[in-house]
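Chains, contacts and geometry: an overview
Given next are the chains, with one letter for each unit.
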Amino acid sequence: MAEVIIKDVRKVFDGDVVAVTDMNLTVEDREFVVLVGPSGCGKSTLLRMVAGLEDVTEGEIFIDGRLVNDVPPKDRDIAMVFQNYALYPHMSVYENMAFGLRLRKYPKEEIDERVRDAADILGIEKLLDRRPKALSGGQRQRVAVGRAIVRKPRVFLFDEPLSNLDAKLRVQMRTEISKLHERLSATMIYVTHDQVEAMTMGTRIMVMKDGLSQQVADPLAIYHEPVNQFVAGFIGSPAMNFIEGTLKRDSGSVSFESQELSAGLPDSVARRIPEGFSADVVLGIRPEDIYEADQAARLESAASIRAHVDVVEPMGNEIFLYVTLGGSDIVARIDVRTPPVVNSDIDLAVDLTSVHLFDRGTGASLLFGDRS
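Quick look at the structure, then. Predicted, not measured: the structure shown is a model, and the values here were computed from it. (Residues numbered from 1 in each chain as written. Predicted model: local features only at pLDDT ≥ 70, side-chain atom pairs only at ≥ 80, totals over all residues. Heavy atoms only, no water.)

1. Concerning the pattern of salt bridges
Stated formally: When a carboxyl oxygen of Asp or Glu lies within 4 Å of a side-chain nitrogen of Lys or Arg, that pair is called a salt bridge. Between buried and exposed lies partly exposed: a residue is buried under 20% and exposed over 50% of the maximum accessible area for its type, with that area taken using a 1.4 Å probe on protein chains only.
Overall, the coordinates contain 13 salt bridges when judged by the stated rule. A salt bridge links Lys74 to Asp75, with the shortest nitrogen-to-oxygen separation between them at 3.3 Å. Its relative accessible area of 58% is what places Lys74 among the exposed residues. Of the residues examined, Asp75 reaches a relative accessible area of 36% and is grouped as partly exposed.

So this is what it looks like as structure tokens:
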């Protein structure tokens, strides 16, 4: 397989539309890196530049140590799996998987061996004689992946390949692609707007916004140590709650003050705040770090809040509470058997050891430095 290096890459469309800028990323040999971000953030454009389907305006892209800026897609030794599968409707599954090898004049025996090996890996051996219209969405996706596997490329590129599948099938195919990565020991770059896919599949994640990399790290670091408010709000479901307020210092202690919440911050949080910083901030707290009030005693440092219940979503093993706290809408993820009553008030406890703090002006985290 191969290492992919993206160095100072920039892409500009129509003279002034900047799609990607200041992009630097190294994908190690056999690594699975996921590019995630909202629609229009430039992640698919970046992938297409690696594939050679888009020209690079500035910068360099290397695959296995070879500069490929001017190398045609067919000569980059990559395989790409698209969102729409791009299968030939008049060909059988076997013919679709074999087509690229036939164009490259591979021997018939080798083509047959590669196609049947890939079909075995993907569990589609019994589908080889069918045409795409006779397949389910998940089966078509497997064929598209199989067409990539037979090439035995240096790098696999996936551009939102699961977007057209239903929720249950997406979960199944996430697992299948992760298993495929382990089995092939392949270098993979995967684009998605779904942060759940990113968290569950990638060995590393790059979060993008407006053509810029916001943070590159392993999934748990992205989740627990986001470097700015955008990353914190984008990764996690339900999303992190944000409350605007002010940091105040008094005799060595630090407190957070707002309409919704006033609390002294524990030392484990306060000591990570830059020395002397005392200004407008945004406090972030994940839904799972808000508890029923009777759980406060078991928390190392907690703040009590009283909120109004707007919506209750029972999820089976847990409940999502959508509540109003002062001027803010908050989501709590709690574990109770009896759901609270809508339009009632409820006492909750915020785990202060788990809060995040962001500079209100720049959005940068005050607790975690830039780790990208």
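2. Section: helix α4 (residues 137–149)
Formally: Helix and strand definitions follow DSSP, with helices as H or I runs of at least four residues and strands as E runs of at least two, each counted in order from the N terminus. By definition here, a helix of n residues has an expected span of 1.5 Å times n minus one. We call two residues contacting when some pair of their heavy atoms lies within 4.5 Å.
A rise of 1.5 Å per residue sets the reference length of α4, with its 13 residues, at 18 Å; its end C-alpha atoms lie 18 Å apart and thus fit the reference within 8%. Contact partners of the buried residues in α4: β6 (78–81), α2 (93–103), α3 (108–122), β7 (155–159) and α5 (167–184).

3. Topic: the side chain of Gln214
As a reminder, the rule being used: Any N or O atom pair separated by 3.5 Å or less is treated as a polar contact, with the protein-specific requirement of one donor-capable and one acceptor-capable atom, and with residues adjacent in sequence counted only for side-chain atom pairs.
Topologically, Gln214 is positioned in strand β10 (residues 212–217). Taking the relative accessible area as the measure of exposure, Gln214 reaches 16% and is therefore buried. Side chain to side chain, Gln214 and Asn228 meet in a polar contact 3.1 Å long.

4. Topic: the environment of Asp22
Inspection of the secondary structure puts Asp22 in strand β2 (residues 17–27). For Asp22 and Ile111, which are 89 residues apart along the polypeptide, the C-alpha to C-alpha distance reads 41 Å. Among residues more than four places away in sequence, those in contact with Asp22 are Val9 and Leu212.

5. Quick notes on the pairing of strand β19 (residues 345–351)
Successive side chains on a regular strand alternate, one facing one side of the sheet and the next facing the other. The test is simple: Here a strand pair is declared whenever DSSP counts at least two bridges between the two strands.
For β19, the tally of buried residues reaches 5 of 7 residues, placing the bulk of the element in the interior. Note that strand β15 (residues 290–292) and β19 share 3 bridges and pair antiparallel. For Tyr291, the partnering residue across the bridge sits in β19 and is Ala349. Summarising the sheet, strand β16 (residues 302–314) and β19 pair through 7 bridges and their orientation is antiparallel. By the bridge assignment for β19, Ala307 is matched with Ile346.

6. Regarding the sheet that holds β2
Keep this limit in mind: Convention adopted: a line fitted to C-alpha atoms gives each axis, helices being fitted over their contacting stretch, and angles between N-to-C directions are expressed from 0 to 180 degrees.
Pairing in this open sheet of 4 strands is antiparallel, and the strands run β2-β1-β4-β5 from one edge to the other. Because the sheet does not close on itself, it has two edges, and the strands there are β2 and β5 (66–67). As judged from the 2 bridges shared by strand β4 (residues 58–63) and β5, these two strands associate in the antiparallel manner. What sits directly across from Ile63, in β5, is Arg66. Contacts from helix α1 (residues 43–51) reach β1 (4–13), β2 and β4, with the element oriented near 115 degrees to β1.

7. So, unusual backbone geometry
Following Ser237, the chain continues into Pro238 via a peptide bond in cis, with omega recorded as -5 degrees. Within the fold, Pro238 resides in the loop between α8 (229–234) and β11 (241–250). Here the phi dihedral of Asp210 falls at roughly 50 degrees; this positive angle occurs in a residue that is not glycine. Along the chain, the position of Asp210 falls in the loop between β9 (204–209) and β10. A residue is classified by how much of its surface remains accessible, and Asp210, at 59% relative accessible area, is exposed. The phi dihedral of Asn343 is positive, around 70 degrees, even though this residue is not glycine.

8. Looking at α1
Across the 9 residues of α1, 7 count as buried, placing the element largely inside the fold. When we look at burial in α1, the residues that qualify are Lys43, Thr45, Leu46, Leu47, Met49, Val50 and Ala51. Of the residues flanking the end of α1, it is Gly52, one or two places downstream, whose phi is positive at about 90 degrees.

9. Points about the packing of α2 against α3
Our working definition: Angle categories: roughly parallel below 35 degrees, roughly antiparallel above 145, roughly perpendicular from 65 to 115, and oblique for all the rest. Left-handed is the label given to a crossing in which the near helix is rotated counterclockwise from the far helix by less than a right angle, and right-handed is the label when the rotation is clockwise.
Remark: α2 packs on α3, axes separated minimally by 10 Å, with the N-to-C direction vectors making an angle of 135 degrees. Relative to α3, the element α2 is oriented oblique. Crossing geometry of α2 relative to α3 is assigned as right-handed. Of the residues in α3, those touching α2 at Tyr94, Met97, Ala98, Leu101 and Arg102 are Ile111, Asp112, Arg114, Val115, Arg116, Ala118 and Ala119.

10. Here we look at the pairing of strand β20 (residues 356–359)
Where burial is concerned, the two faces of β20 agree: the one with His356 and Phe358 and the one with Leu357 and Asp359 are both buried. Strand direction decides the pairing type here: strand β14 (residues 280–285) and β20, joined by 4 bridges, are antiparallel. Across the sheet, residue Val282 finds its bridge partner in β20, namely Phe358.

11. Structural notes on the nonpolar core
The condition that has to hold: Nonpolar core, defined: a set of buried Ala, Val, Leu, Ile, Met, Phe, Trp, Tyr and Cys residues in which side-chain atoms within 4.5 Å join the residues together.
In terms of nonpolar packing, the biggest core is built from 49 residues, with Met97, Val115, Ile124, Phe158 and Tyr190 touching the most fellow members. In contact with Val115, not counting residues within four places along its chain, are Tyr94, Met97, Ala98, Leu128 and Val150. Core analysis: the next-biggest nonpolar cluster, separate from the first, contains 37 residues, Leu325, Val336, Val355 and Leu367 among them.

12. What about the packing of α2 against α4?
To keep things clear, this is the line we draw: Residue polarity follows a fixed list, in which Ala, Val, Leu, Ile, Met, Phe, Trp, Tyr, Cys and Pro are nonpolar, Asp, Glu, Lys and Arg are charged, and the others, Gly among them, are polar.
Two numbers describe how α2 lies on α4: the axes approach to 8 Å, and their chain directions differ by 30 degrees. Put simply, α2 runs roughly parallel to α4. For the pair α2 and α4, the crossing hand works out as right-handed. Residues Val93, Asn96 and Met97 of α2 touch α4, and the partners they reach there are Val143, Gly146 and Arg147. Residues of the contact of α2 with α4, tallied by class, amount to 3 nonpolar, 2 polar and 1 charged.

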